[in-house]
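Fold and contact review
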Amino acid sequence: TSVWVLVFQNKLLMVKRIIMIIVVLILLNVISLVMIIVTKKIITMTVQEMMAAANAAVERIDGKKAQELVAQGALLLDVRDGLELDKAGRAQGSHHISRGMLEFRADAATQFHDPELRKDRVIVIHCASGGRAALAGKLLKDMGYQTVYNVGGLSDWQAAGGAMVEPADPGM
């Protein structure tokens, strides 16, 4: 009978170990789930939070400084939509890439890469009022572009005496 007691005790010990392993695995899964929830909460941002982060990452400059940088070889990047260019015109010498295509145009590994975008080139960005320019600037910095500035809106460029190309007359 003592042999049977030893066998029973050994089986009981194995069951306890198996239960302990199961409990540890459950705890690890719960911890992983909590981490996913916490991480998702941290990543989730409002537009205000995204704008604050973009404005903190991308220096805002005035139109005169933008003109000086462009005269020294910086790329003046217009991230407005095509219809906005047709309606309001554009800064003379600006290069247009809409905000929606910027990731693809900025990544040299894509077939859509724009060779005007180089990580070692100074880039001065504008949109209609400055918001998309800030977001675009942060995106470029996140992608490894070294020197990126936000001049704000097209009106900021124009108010500082920046040359303009007027929209084409639709003939009406």
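Residues numbered from 1 in each chain as written. Predicted model: local features only at pLDDT ≥ 70, side-chain atom pairs only at ≥ 80, totals over all residues. Heavy atoms only, no water.

**Quick notes on the overall build of the protein chain**
Condition: Secondary structure elements are defined from DSSP: runs of H or I of at least 4 residues count as helices, runs of E of at least 2 residues count as strands, and each element is numbered from the N terminus. Restricting the calculation to C-alpha atoms gives the radius of gyration, and the globule rule supplies 2.2 Å times the number of residues raised to the power 0.38. Two residues form a contact once any of their heavy atoms are found within 4.5 Å. The Shrake-Rupley method, run with a 1.4 Å probe sphere, supplies the accessible areas, and residue values consider only the shown protein chains as cover. The charge count includes Lys and Arg as positive and Asp and Glu as negative, but it does not include His or the ends of the chains. Here the site of a charge means atom NZ of a Lys, CZ of an Arg, CG of an Asp or CD of a Glu.
Check the secondary structure of the protein chain and you find seven helices and seven strands. Ordered by position from N to C terminus, the α and β elements of the protein chain give α-α-β-α-β-α-β-β-α-β-α-β-α-β. At 29 Å, the protein chain has a C-alpha radius of gyration far larger than the 16 Å of a compact globule built from 172 residues. Counting only contacts in the protein chain whose residues sit at least 6 apart along the sequence, the fraction spanning at least 24 positions is 68%. Total accessible area on the protein chain is roughly 11,300 Å²; 64% of this is exposed by carbon and sulfur atoms. Within the protein chain, the 17 negative side-chain charges are centred at a point lying 15 Å from the centre of the 19 positive side-chain charges.

**Describing the packing of aromatic side chains**
Both the distance between ring centres and the angle between the ring planes are used here to describe each pair of aromatic rings. Quick note on the threshold: Note on ring pairs: Phe, Tyr and Trp rings are taken, using the six-membered ring of Trp, and paired if centres are within 6.5 Å. Classes follow the plane angle, with under 30 degrees stacked, over 60 edge-to-face and the rest tilted. We call a residue buried when its accessible area falls under 20% of the maximum for its residue type, exposed when it is over 50%, and partly exposed in between, using a 1.4 Å probe and counting protein chains only.
Counted according to the given criterion, the structure contains one aromatic pair. Pairing Phe 104 with Phe 112 gives two aromatic rings, centres 6.2 Å apart and planes at 85°, and the pair type is edge-to-face. By relative accessible area, which is 41% here, Phe 104 ends up partly exposed.

**Here's the deal with the nonpolar core**
Just so we agree on the cut-off: In this text, buried Ala, Val, Leu, Ile, Met, Phe, Trp, Tyr and Cys residues form a nonpolar core when linked through side-chain atoms within 4.5 Å.
One finds Leu 77, Leu 102, Leu 117, Ile 123, Ile 125, Leu 140 and Tyr 145 to be the most contacted residues of the largest nonpolar core, which totals 17 residues. For this core, the secondary structure elements donating two or more residues are strand E2 (75-78), helix H5 (102-106), strand E5 (123-127) and helix H6 (131-142). Among the elements that take part in this core, H6 stands out by supplying four residues, more than any other. Apart from the residues within four sequence positions on either side, Ile 125 is in contact with Leu 77, Val 79, Ala 133, Ala 136, Gly 137, Leu 140, Val 148, Tyr 149, Asn 150, Val 151 and Gly 152.

**Concerning a nonpolar patch on the surface**
Our working rule: Like-charged residues within 9 Å of one another, or nonpolar side chains (Val, Leu, Ile, Met, Phe, Trp, Tyr) within 5 Å, are grouped into patches, provided each residue has over 30% relative accessible area and no salt bridge. By definition here, a salt bridge exists when the distance from a side-chain nitrogen of Lys or Arg to a carboxyl oxygen of Asp or Glu is within 4 Å.
Nonpolar side chains collect at one region of the surface, where Met 20, Ile 21, Val 24, Leu 25, Leu 28, Ile 31 and Met 35 lie side by side and expose about 700 Å² of accessible area between them. Within the element layout of this structure, Met 35 appears in helix H1 (residues 2-43).

**Remarks on H6**
Heads up, the rule is: Expected helix span is taken as 1.5 Å per residue step, with the number of steps being one fewer than the number of residues.
Taking 1.5 Å per residue as the helical rise, H6 with its twelve residues ought to reach 16 Å, and the 17 Å between its terminal C-alpha atoms agrees with that figure. Among the residues making up H6, those that are buried are Ala 133, Ala 134, Ala 136, Gly 137, Leu 139 and Leu 140. Where the residues of H6 are buried, they touch helix H2 (47-57), E2, H5, E5 and strand E6 (148-153). Just downstream of H6 lies Gly 144, where phi reads positive at about 100°.

**Quick look at the environment of Asp 142**
By the secondary structure assignment, Asp 142 is in helix H6. Along the sequence, Asp 142 and Ala 57 sit 85 residues apart, while their C-alpha atoms lie 9.4 Å from each other.

**Here we look at the sheet that holds E6**
The condition that has to hold: At least two bridges found by DSSP between two strands is the condition for calling them paired. Every axis corresponds to a line fitted to the C-alpha atoms, with the helix fit spanning only the stretch in contact, and the corresponding angles, defined between N-to-C directions, vary from 0 to 180 degrees.
The strand order across the open sheet built from five strands is E1-E6-E5-E2-E4, with neighbouring strands paired in parallel fashion. With one partner strand each, in any of the chains shown, strand E1 (59-60) and strand E4 (95-96) form the two edges of the open sheet. Here helix H3 (residues 63-71) sits on the sheet in contact with E2, E5 and E6, set at roughly 130° to E6. Where H6 meets the sheet, its contacts fall on E2, E5 and E6, and the angle it forms with E5 comes to roughly 145°.

**Focus on the pairing of E6**
One face of the sheet, then the other: side chains in a regular strand alternate in exactly this way. Here E6 lies mainly inside the structure; six of its six residues are buried. Sheet analysis places E1 next to E6, joined by two bridges and oriented parallel. By the bridge assignment for E6, Arg 60 is matched with Asn 150.

**Quick word on the side chain of Asp 114**
As a reminder of what qualifies: Within 3.5 Å is the distance limit for a polar contact, defined as a pair of N or O atoms, with the added protein rule that one can donate a hydrogen and the other accept it, and that residues adjacent in sequence qualify only through two side-chain atoms.
Its location among the elements puts Asp 114 in the loop between H5 and E5. Polar side-chain contacts of Asp 114 include one of 2.5 Å to the side chain of His 95. If near-sequence neighbours (up to four positions away) are discounted, Asp 114 is found in contact with His 95, Ile 97 and Arg 105.

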